[in-house]
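Each chain is listed here by its residues.
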Amino acid sequence: MAITFIFFIILGRLLYVQIAWGSDLVELATDQWNREIPVVATRGIITDRNGTVIAGNRTTYSVFLRPNAVGNAEYTATVLGGIFSLDPNEILKKINGGKVSEVTIARQVDKESIEKLVSYDLAGVYYSRDNSRQYTYNDALCQVLGFTANDGTGLAGIEKYYDNILGGTNGEITYTTDIIGVETENSVVVYRPAKAGDEIRLTIDMDIQLASENAMRSVYASSGAKAVSCIVLNPQNFDILALVNYPSYDLNDVPRDDTETLNALSRNLLVSDIYEPGSTFKVVTSAMNIEEYLKGNGKAFSNSYVFNSSRTRSVDGTKIKCWSDHSNGKHSNQTLAEALNNSCNPCFTDIALSLGSETFYKYLSAFGFGGVTGLDFTGEALGMLVPQTAVRDCDLARIGFGQTIAVTGIQLACAIAAAVNGGNYYAPHFLKSVVSADGKTVSEYKPVLKNKVISEQASSILAGMLEGVVTEGSGNKAYIEGYKVGGKTGTAQKYENGHVAQGKYVSSFCGFFPANNPEYLALIVVDEPQGTYYGSAVAAPVAKDIFEDIIKLKNIERYE
């Protein structure tokens, strides 16, 4: 009986080993007798909308060794140290460590170094091709493109967001070895090819990008600002045509050893940072009012309504005042169009309070404030918005002219684009299409309409008013003769530790053209300019420079 019992135990164990554990044992045995050399997939390139290469590759190599297969350890360590400028003692420790079957010696090695390595014919030392990213324009578009790790995987920006598309699939070369890892005399070599990554084609137009880069470098130098940013997009579908943050860094010389500097310079300020928009937000308040008036809401003001000419308003015991002392008479008897021209805060206080928090917040949500835009990019901030349940009249009044609310640059640009393009709010995007390594289009991005924020009629009326801001109001330094340019300036105080930071401002301008059918919209943000700080003086001329460059680049004819 005992013998029978033992027999069944042994039989059961045998069946378990053969059936349940068999595949694992085969894999372990194969691993002992086989070695693999990785074949790194070629990373997909990144191009602009016209196919211009922005991020490409240069061929480099990785070098590694198998300690068990090394012949003369000291000699091997000395040779490798000399070729790759490494400490031979550290290499020797890796060879004699005996804990791993394979050790990486160097990555992204040039062809000349590999040729030297081959001439020594070192036992147990191998190399394989890998990729090193090469960025065509050095620091241009750096916070958008991001960068890769030494092994080629995306670490930031588009490189990270679309890493699964760009990265491809690695292959390998497998060959048989003896039990200690030395290649056998009649080794069987099996090659599994790598699959190259696909090309990411962006909505970016590098001609417009480079023009914007030049304009932002210029204002950064002339204004003494802490930082400057610019986004140019197509209001008809929210294609992002250019995006600049300055200061920047060289993508071909990433400061990897200085984490603090890298984090600061690689941050996409227009997507990840928030600020009080100031008077540029009056575009949104005006859009609400015009739409509600057209709908017959008796609390909205007509286009011919004349606002109280007083310089101040008292709300919840706090005084709200206009930047102007009203002594020149310009701010008396103002209509909405004139209030936009003069950027008069009290008029927009009246609009916000009259519409009320329920209506006002309905539009804030429709225009994307308090949430992400859906941009295909990591790290997008939500902005800051007082909850409707907690908003007081004094808060609502200030939101009406761009205070007590914080936005990202991408949020504001999209909101204003929707306000002037006929009322259509699309998801902003960088991706135009995905193209395979053999040049075939894999997929093409189609605009995603998220909201209808206002009617075409309201949008047309508003765009006309904003054209007036440029032709005869505070945005006149963005005026281009023969072209219909609209826009709005903004100057906002900065806060530190809950208090106004004396002498620190954010100057901005959001402009678009042609005003009657916008094809280009630019948001300019200048953080802490020194000396003159009004958006009308600092930011509006930059938009003009960019628009004039676009007119030349695209051969856009004069309207008149």
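Model, not experiment: these values are computed from the prediction. (Residues numbered from 1 in each chain as written. Predicted model: local features only at pLDDT ≥ 70, side-chain atom pairs only at ≥ 80, totals over all residues. Heavy atoms only, no water.)

**Details of the overall build of the protein**
A count of helical and extended segments in the protein gives 19 helices and 21 strands. The buried share of the protein, reckoned over its 560 residues, is 52%. Split by element, the accessible area of the protein, about 25,600 Å² in all, is 49% carbon and sulfur. (Helix = DSSP H or I, 4+ residues; strand = E, 2+ residues; numbered from the N terminus. Buried < 20%, exposed > 50% of the residue type's maximum accessible area, 1.4 Å probe, protein only. Areas by Shrake-Rupley, 256 points an atom, 1.4 Å probe, with all protein chains shown as cover.)

**What about the nonpolar core?**
Leu202, Phe367 and Phe430 are the most contacted members of the largest nonpolar core, which totals 99 residues. Not counting the four nearest positions on each side in its chain, Leu202 is found in contact with Ile46, Thr47, Asp48, Arg49, Ile54, Leu141, Leu145, Ile158, Phe430 and Lys432. By size, the runner-up hydrophobic cluster in this structure holds 32 residues, among which are Ala225, Val244, Val470 and Phe547. (Core = buried A, V, L, I, M, F, W, Y, C linked by side-chain atoms within 4.5 Å. Contact = heavy atoms within 4.5 Å.)

**Thoughts on the confidence of the model for the protein**
Mean pLDDT over the protein stands at 89; residues scoring 70 or higher make up 89%. Of the regions scoring below 50 in pLDDT, residues 25-31 engages in 1 contact with residues more than four places distant in sequence or in other chains. (pLDDT = per-residue confidence, 0-100.)

**Comments concerning the layout of surface pockets**
Roughly 1,000 Å³ of volume is contained in the largest pocket. The wall of the largest pocket is formed by 38 residues, among which Cys322, Trp323, Asn345, Thr491 and Tyr534 lie closest to the centre. At the level of elements, strand 12 (318-321), helix 13 (336-342), strand 19 (486-496) and helix 18 (535-538) are the ones that each hand at least two residues to the lining of the largest pocket. When residues in the lining of the largest pocket are grouped by element, the largest group, 6 residues, is from strand 19. The class makeup of the residues in the lining of the largest pocket is 9 nonpolar, 20 polar and 9 charged. Of the volumes computed, that of the second largest pocket is approximately 660 Å³. Taken together, 26 residues make up the lining of the second largest pocket; nearest its centre are Asp273, Ile274, Tyr275, Lys494 and Asp527. Contributing elements (two or more residues each) for the lining of the second largest pocket: strand 9 (227-234), strand 10 (239-246), helix 10 (259-265), helix 11 (269-272), strand 19 and strand 21 (520-527). At 4 residues, the largest contribution of residues to the lining of the second largest pocket is made by strand 19. (1 Å grid on protein atoms, 1.4 Å probe; cavity = no way out; pocket = protein on both sides within 12 Å on 5 of 7 lines; lining within 4 Å. Points joined across faces, edges and corners; volume = space filled by probe spheres on them. Nonpolar A, V, L, I, M, F, W, Y, C, P; charged D, E, K, R; others polar.)

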